[in-house]
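What follows is each chain in one-letter form.
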Amino acid sequence: MAQADSTTQRPDRNPRRDLAPARDGLAAAEVVLSFDDNRLASLVFGQYDQNLAHLERRLGVVVSPNGNHVTVKGARETAEQAGRVLKTLYARAKAGAPVTLGEVDGAIEESNVQRSLFPTADAGKASFDAVVTRKRGPVRARNAAQDAYLRQLKRHELVLAEGPAGTGKTWLAVGHAVSLIEQGVVERMILSRPAVEAGERLGFLPGDMREKVDPYLRPIYDALGDFMEARHVERGLQTGMIEIAPLAFMRGRTLSNAVVLLDEAQNATSMQMKMFLTRLGEGSRMIVTGDPSQIDLPAGQRSGLVEAVRLLKDVEGVGYARFEEGDVVRHELVRRIVMAYEDAARHERADRERARDPDAPPDLHREGDSEGLKRMLARERPR
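Residues numbered from 1 in each chain as written. Predicted model: local features only at pLDDT ≥ 70, side-chain atom pairs only at ≥ 80, totals over all residues. Heavy atoms only, no water.

How should the pattern of salt bridges be read in this particular structure?
Side chains that differ in charge, positive against negative, can pair when their charged atoms come close. Tallied over the entire structure, the rule returns 15 salt bridges. A salt bridge links E30 to K73; its shortest N-O distance comes to 3.3 Å. Taken together, the positions of E30 in strand β2 (residues 28–34) and K73 in strand β4 (residues 69–75) put the pair 43 residues apart, joining distant regions of the chain. Just as E30 is buried, K73 falls in that class too. The closest approach of N and O atoms between E243 and R188, which form a salt bridge, is 3.7 Å. Within this pair, whereas E243 is found in strand β9 (residues 242–244), its partner R188 is found in strand β8 (residues 188–192), the two being separated by 55 residues in sequence. One network of salt bridges, with partners in common, ties together R58, D105 and E109. (Salt bridge = Lys/Arg side-chain N within 4 Å of Asp/Glu carboxyl O. Helix = DSSP H or I, 4+ residues; strand = E, 2+ residues; numbered from the N terminus. Buried < 20%, exposed > 50% of the residue type's maximum accessible area, 1.4 Å probe, protein only.)

Structure representation (structure tokens):
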């Protein structure tokens with residue numbers, strides 16, 4: 001573990017040119033860490049020090065590695081935060097967890113939450129919740145939205161989750177379902193999805209029911225492969241422990257002692273959603289995920305997810321999780337793409353409102369695409 005007594009914080013009396021400038025009037029500081037294990041330290045630093053470079057971009061500090069030592073320079077507050085992040089990543093590497101760029105982002109988000117919610121004595125304490133499976137071990141939430149989502153999944157029998165692509169809604173739901181199976185909380189897993197094409201017609205699909213539905217459920221299979229060994233997935237499909245069921249075939253069933261996941265629920269109609277939600281039986285858990293901005297239903301049909309969220313999110317016993325475009329964890333560029341589309345949709349809504357009411361004053365706060373990206377990037381900086 002990083003040695004606490006080898007950590008120093010001192011003002012830089014002779015700042016070099018590569019020292020990150022102090023922000024908000026804070027004095028420049030230097031934080032020095034020493035790690036016990038060179039191999040684990042190299043995992044924390046990343047290939048070609050890519051994790052350290054990512055940490056520099058996110059926090060606006062300068063990180064200089066030297067063997068198992070690392071020096072962080074920058075504004076005192078952010079330098080200390082970077083030191084806590086490196087300690088957290090080292091602890092995870094020591095526990096056998098991979099240290100990827102996503103884990104760096106997650107540790108930064110954790111440190112932001114810790115700084116605002118926990119006292120200084122708890123610095124470095126892991127605050128985000130995690131889902132644990134045999135294959136991957138603990139998989140920790142990477143931001144506050146994912147942390148709230150995992151807490152809702154563990155607390156409620158029915159959870160509705162909505163938000164843009166890339167926020168981890170389906171992936172974490174599958175991980176939670178696998179953990180429930182492995183803990184013996186439920187006996188089987190039922191995965192369902194509306195068979196709706198995304199703006200195109202695929203025509204006749206050959207094969208039996210599973211083969212016809214497989215293309216629509218491929219993202220769920222991919223997530224299962226992340227949390228379970230391939231042989232266990234295949235065995236579960238053969239024994240019925242894992243069941244693939246098209247949404248249209250769920251009518252009339254009562255699902256007991258099972259965890260049931262409905263993915264892409266924005267493409268379920270209102271009647272289908274009501275039918276699905278009323279399948280919940282004793283000892284079961286139900287998770288409904290979807291992105292209301294990607295509805296592929298024919299014109300004139302209401303999305304069952306949008307309606308269910310409006311009617312049920314405040315009902316006792318129902319959990320609700322909302323992800324925003326800033327919560328995308330798939331790739332940095334994906335987050336910016338989602339933001340650009342959200343800004344365009346916001347502009348279209350404003351234009352329609354002005355068309356209906358020409359006398360309404362112009363929206364002085366309307367922001368262009370560049371301003372939207374700046375606002376999104378500002379979220380990535382330390383709070």
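Which parts of the structure should I look at to understand the packing of aromatic side chains?
Centre-to-centre distance and the angle between the planes together describe a pair of aromatic rings. As enumerated under the stated definition, the model contains four aromatic pairs in all. Between F35 and Y90 the ring centres are 4.7 Å apart and the planes differ by 25°, which places this aromatic pair in the stacked class. Of this pair, F35 sits in the loop between β2 and α1 (38–45) while Y90 sits in helix α3 (residues 76–94), and the two are 55 residues apart along the sequence. The class of F35 is buried, set by a relative accessible area of 1%. Where Y149 meets F323, the ring centres are 5.4 Å apart and the plane angle is 85°; that geometry is what we call edge-to-face. Taken together, the residues span a long stretch of sequence, with Y149 in helix α5 (residues 144–155) and F323 in the loop between β12 (318–322) and α11 (332–356) at a distance of 174 residues. On the basis of relative accessible area, Y149 is assigned to the buried category, the value being 0%. Ring pairs connect the aromatic residues F35, F45 and Y90, which therefore count as one cluster. (Phe/Tyr/Trp six-rings, centres within 6.5 Å; stacked < 30°, edge-to-face > 60°.)

Please explain a nonpolar patch on the surface as it appears in this structure.
Where nonpolar side chains cluster on the molecular surface, the patch consists of L333, I337 and Y341 and spans about 340 Å² of accessible area. Within the secondary structure, Y341 sits in helix α11. When its relative accessible area of 62% is taken as the criterion, Y341 is described as exposed. (Patch = residues over 30% accessible without salt bridge, like charges linked within 9 Å, V, L, I, M, F, W, Y side chains within 5 Å. Areas by Shrake-Rupley, 256 points an atom, 1.4 Å probe, with all protein chains shown as cover.)

Geometry only, nothing functional implied.
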